Amino acid sequence: MMARVKLLYFASLRDAAGVACESVESTAADLRDLYMEARARHGFLLPPERLRVAVDGEFADWGSAPPAGGEIAFIPPVSGG
């Protein structure tokens, strides 16, 4: 089933995508597949194991289904000093 979701990108992912957010139609079964679609589209280098994922402001499990109309944030590790 096709669902429209809003994807939020932070830090290196935002830089690679060239946008902070985008609305997409997806048939992804889970959040991992949704990230892999975005990774293929934007050339993200980080594998999902290096990221956190949140749905509607709450951290989520990669195996969760993306909710139609949901806001999904992909959060890379923070670097700094």
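Right, let's get into the overall build of the protein. Looking only at helices and strands, the protein has 2 helices and 5 strands in total. The order of α-helices and β-strands along the protein, N terminus first, is β-α-β-α-β-β-β. Expected size for 81 residues packed as a compact globule is a radius of gyration near 12 Å; at 12 Å, the protein falls within 12% of this value. Considering the protein as a whole, with its 81 residues, one finds that 37% of them fall into the buried category. In the form shown here, the protein has an accessible surface area of approximately 4700 Å², with 54% of it arising from carbon and sulfur atoms. One way to put it: in the protein the 8 positive side-chain charges average out to a point 6 Å from where the 11 negative ones average out.

Overall, the coordinates contain 4 salt bridges when judged by the stated rule. Residues E71 and K6 are paired through a salt bridge, measuring 3.9 Å at the closest nitrogen-oxygen approach. Pair noted here: E71 is in strand β5 (residues 71-75) and K6 is in strand β1 (residues 3-9), with a separation of 65 residues, a long-range link.

The rules we used
Residues numbered from 1 in each chain as written. Predicted model: local features only at pLDDT ≥ 70, side-chain atom pairs only at ≥ 80, totals over all residues. Heavy atoms only, no water. Helix = DSSP H or I, 4+ residues; strand = E, 2+ residues; numbered from the N terminus. Rg over C-alpha atoms; globule rule 2.2 N^0.38 Å. Buried < 20%, exposed > 50% of the residue type's maximum accessible area, 1.4 Å probe, protein only. Areas by Shrake-Rupley, 256 points an atom, 1.4 Å probe, with all protein chains shown as cover. Lys, Arg positive; Asp, Glu negative; His and termini not counted. Charge placed at Lys NZ, Arg CZ, Asp CG, Glu CD. Salt bridge = Lys/Arg side-chain N within 4 Å of Asp/Glu carboxyl O.

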